[in-house]
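Below are the chains, spelled out letter by letter.
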Amino acid sequence: SEGERVSKGQILAELNSSNYLSMYQISLAKQKQAEDAYNRLSELYKKGSLPEIKYIEIETALEQARSSTQIAFKNLNDCKLYAPMDGIIGKRSIELGMNIMPSVTVFNIVKINKVFVKVSIPENEISRINKGCKSKIMVAALDNEIFEGTVEEKGVMANPLSHTYDVKIAVLNKDEKLYPGMVCNVQIGMPVSAGLIIVPHQVVQVDKEGKRFVFVISP
């Protein structure tokens, strides 16, 4: 089920394997028949009572039977779907009794012990952000709980519309409180030059001549 924790190697789903089981049993029976024929005719070949071409034919038939059995056995094993890693079922796309087509994703498994916070940084600030910058993440859905993270990825391709760059902040999610899709506020610790005044971009106004200005409080 969605939200359930799974371990690597755990069986998640199983296809109806009755047809594949029958095919495997038929292939196995043919292989035993070919092995029996090979063992009996090998003795005749060693005594010189069997032409070499007939011996090669029975030897080839045995190899073909073994290959068919291996294919049938693999198809039978492929009816079981195992978890490739430890994680949590993020999404399940199948229900009991459904017909599943090849290449269709039936489970999404996510690992949330370490999550990434994606932030869009304006182009005039991206140069001051580097890998390793410490960050604080406040999540409204968790009663404004604050988490600490570190910038791990810094994008180099700007969004053509917003002129922003994507930055990914890694957060250790030990208690697994953070889930994919949560919205948060981020404060990134950036080096600040001495004497530089920083104001929120919302307070910057533009006059009729296109010049930018801010209102200040009189002493």
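Right above here is the structure, for reference.
Definitions and cut-offs
Residues numbered from 1 in each chain as written. Predicted model: local features only at pLDDT ≥ 70, side-chain atom pairs only at ≥ 80, totals over all residues. Heavy atoms only, no water. Pairing = 2+ DSSP bridges. Helix = DSSP H or I, 4+ residues; strand = E, 2+ residues; numbered from the N terminus. Buried < 20%, exposed > 50% of the residue type's maximum accessible area, 1.4 Å probe, protein only. Phe/Tyr/Trp six-rings, centres within 6.5 Å; stacked < 30°, edge-to-face > 60°. Salt bridge = Lys/Arg side-chain N within 4 Å of Asp/Glu carboxyl O.

Participant: So what's going on with the sheet that holds strand 4 (residues 87-92)? Which residues, and what values?
Facilitator: Strand order in this open sheet of three strands is 1-4-5, and the pairing throughout is antiparallel. The open sheet has two free edges, formed respectively by strand 1 (5-6) and strand 5 (107-110), since each of these has just one partner strand. Alignment of strand 1 against strand 4, held across two bridges, turns out to be antiparallel. Bridge pairing links arginine 5 to isoleucine 88 in strand 4.

Participant: Explain unusual backbone geometry residue by residue, including any values.
Facilitator: A positive phi is found at histidine 163, a non-glycine position, where the angle reads about 55 degrees. As for its placement among the helices and strands, histidine 163 is situated in the loop between strand 8 (145-154) and strand 9 (164-172). By relative accessible area, histidine 163 is classed as partly exposed at 40%. Notably, glutamate 176 is not glycine yet its phi reads approximately 55 degrees, a positive angle.

Participant: So what's going on with the packing of aromatic side chains? Residues and values would help.
Facilitator: The full count for this structure, using the stated rule, is four aromatic pairs. Judged by centre distance (5.5 Å) and plane angle (50 degrees), the ring pair of tyrosine 24 and phenylalanine 73 falls under tilted. In this pair, tyrosine 24 is assigned in helix 1 (residues 18-46) and phenylalanine 73 in helix 2 (residues 52-77), connecting sequence segments 49 residues apart. Judged by relative accessible area, tyrosine 24 falls into the buried class, the value being 18%. Ring centres of tyrosine 45 and tyrosine 55 lie 4.2 Å apart, and the angle between their planes is 10 degrees; this geometry places the pair in the stacked category. Residue tyrosine 45 is located in helix 1, and its partner tyrosine 55 is located in helix 2; the two are separated by 10 residues in the primary sequence. Judged by its relative accessible area of 30%, tyrosine 45 falls in the partly exposed class. One aromatic cluster is present, built from ring pairs that chain together Tyr38, Tyr45 and Tyr55.

Participant: How would you summarise the pattern of salt bridges if you had to cite specific residues and measurements?
Facilitator: Taken as a whole, this structure holds 11 salt bridges when the rule is applied. A salt bridge links lysine 118 to aspartate 166; the shortest N-O distance between them is 3.6 Å. A residue pair is termed long-range when its members are at least 10 positions apart, and lysine 118 in strand 6 (residues 114-122) and aspartate 166 in strand 9 qualify at 48 residues. Among the residues examined, lysine 118 registers a relative accessible area of 59% and is labelled exposed. The structure contains a network of salt bridges with shared partners spanning Glu35, Glu63 and Arg66.

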